[in-house]
Amino acid sequence: MMEVVVAKADKDGIVRDRRTGIVLARRNRHPMADLFRDAPMGEGLPGMHMDPMAEHLLAIHIFDNLDCLPPQNPLYKQVPDPESLNATGTDRVIYVPIGTPGPADVEAEEPIIVADISDYTEDQDAALELQLRQKRIARKLLEQADPQVRGEGDY
């Protein structure tokens, strides 16, 4: 006959196996779960994104049941990734060296609305790239032109 182990949450909302003391669950997200958020995979690579529940379960496993200490002297810290919402549709973080200053409190500018090109064909992509290249060349030529050509001086 199999013994049924009854577990009950303590006053902190931590559910433990009564026989072994192993943490089975928590009522709230583990306070160290964010350490697993977008874990860095190498320079130039996006962080390893995992489900928030996986982050929570890893924190229970490592900090509660393996009794590991939280980081004591980390070499880097999490900061919001300013490009993640546009690139992935989710708010992500990146890791930067500890001495890196935080993002400046800059007042948000008006968003620049551009055409949705997600359904473009390869031919349309190529045509757009050609137009952009031509526009950049024209700007560069204008930047290097005499002030009169740019409309900044007297003739």
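Keep in mind that what you see is a predicted model, and the values were worked out from it rather than measured.

Colleague: Please explain the overall build of the chain as it appears in this structure.
Modeller: Each helix and strand in the chain was counted, giving 4 helices and 5 strands. Long-range pairs, those at least 24 residues apart, make up 32% of the contacts in the chain between residues at least 6 apart in sequence. For the chain, the exposed area adds up to about 13100 Å²; of that, 56% sits on carbon and sulfur atoms.

Colleague: Can you help me understand the pairing of strand S3 (residues 23–26) in this one?
Modeller: In summary, the side chains of a regular strand alternate between the two faces of the sheet. Sheet topology note: the strand S2 (residues 14–17)/S3 ladder contains 3 bridges and is antiparallel. Directly across from Val-15, in S3, lies its bridge partner Ala-25. Hairpin remark: S2 followed by S3, antiparallel, with 5 residues in the connecting loop; positive phi at Gly-21, about 85°.

Colleague: What am I meant to see in the confidence of the model for the chain here?
Modeller: Low pLDDT marks regions whose predicted coordinates should not be analysed in detail. Looking at the chain, pLDDT values average 83 and 86% of them are 70 or higher. Considering each helix and strand of the chain separately, the mean pLDDT is smallest for helix H2 (residues 84–88), with a value of 68, and largest for helix H1 (residues 52–65), with 95.

Colleague: I tried to follow the nonpolar core on my own but got confused; where do I start?
Modeller: Taken as a class, soluble globular proteins show a tendency for nonpolar side chains to be buried jointly. Among the nonpolar cores identified, the biggest contains 5 residues, and these are Ala-33, Phe-36, Met-50, Ala-59 and Phe-63. Ignoring sequence-local partners within four residues, the contact set of Ala-59 consists of His-30, Met-32, Ala-33, Phe-36 and Asp-64.

Colleague: I'm lost on the packing of aromatic side chains in this one. Help?
Modeller: Applying the stated criterion to the full structure yields 2 aromatic pairs. With centroids separated by 6.3 Å and ring planes inclined at 50°, the aromatic side chains of Phe-36 and Phe-63 adopt a geometry described as tilted. Linking Phe-36 in the loop between S3 and H1 with Phe-63 in helix H1, this pair joins segments that are 27 residues apart in sequence. For the pair formed by Phe-36 and Phe-63, the shared burial category is buried.

Colleague: For this particular structure, what's the right way to read unusual backbone geometry?
Modeller: What you tend to see is this: most non-glycine residues have negative phi, and most peptide bonds are trans. Not every positive phi belongs to a glycine, and Asp-38 is a case in point at roughly 50°. With respect to the helices and strands, the residue Asp-38 is situated in the loop between S3 and H1. Since its relative accessible area comes to 2%, Asp-38 is described here as buried. Positive phi outside glycine occurs at Asp-67, with the angle close to 60°. Relative to the elements of secondary structure, Asp-67 occurs in the loop between H1 and strand S4 (76–80).

Colleague: Mind showing me how you'd approach a nonpolar patch on the surface here?
Modeller: On the surface, Met-41, Leu-45 and Met-48 cluster together into a nonpolar patch covering about 290 Å² of accessible area. Examined against the element boundaries, Met-41 turns out to sit in the loop between S3 and H1. Assessed through its relative accessible area of 47%, Met-41 is described here as partly exposed.

Colleague: For this particular structure, what's the right way to read the side chain of Arg-92?
Modeller: Position of Arg-92 relative to the elements: it lies in the loop between H2 and strand S5 (93–97). Looking at Arg-92, its side chain comes within polar contact range of the side chain of Asp-38, at 2.6 Å. Sequence-distant contacts of Arg-92, defined by excluding residues within four places in its chain, comprise Arg-37, Asp-38, Gly-47, His-49, Val-79, Pro-80, Asp-81 and Ser-84.

Colleague: How should a positive patch on the surface be read in this particular structure?
Modeller: The grouping of Arg-133, Lys-135, Arg-136 and Arg-139 at the surface amounts to a positive patch. With respect to the secondary-structure elements, Arg-133 resides in helix H3 (residues 122–144).

Here is what the cut-offs are and how they apply
- Residues numbered from 1 in each chain as written.
- Predicted model: local features only at pLDDT ≥ 70, side-chain atom pairs only at ≥ 80, totals over all residues.
- Heavy atoms only, no water.
- Helix = DSSP H or I, 4+ residues; strand = E, 2+ residues; numbered from the N terminus.
- Contact = heavy atoms within 4.5 Å.
- Areas by Shrake-Rupley, 256 points an atom, 1.4 Å probe, with all protein chains shown as cover.
- Pairing = 2+ DSSP bridges.
- pLDDT = per-residue confidence, 0-100.
- Core = buried A, V, L, I, M, F, W, Y, C linked by side-chain atoms within 4.5 Å.
- Buried < 20%, exposed > 50% of the residue type's maximum accessible area, 1.4 Å probe, protein only.
- Phe/Tyr/Trp six-rings, centres within 6.5 Å; stacked < 30°, edge-to-face > 60°.
- Patch = residues over 30% accessible without salt bridge, like charges linked within 9 Å, V, L, I, M, F, W, Y side chains within 5 Å.
- Salt bridge = Lys/Arg side-chain N within 4 Å of Asp/Glu carboxyl O.
- Polar contact = N/O pair within 3.5 Å; in protein donor to acceptor, adjacent residues only side chain to side chain.
- Lys, Arg positive; Asp, Glu negative; His and termini not counted.
- Charge placed at Lys NZ, Arg CZ, Asp CG, Glu CD.

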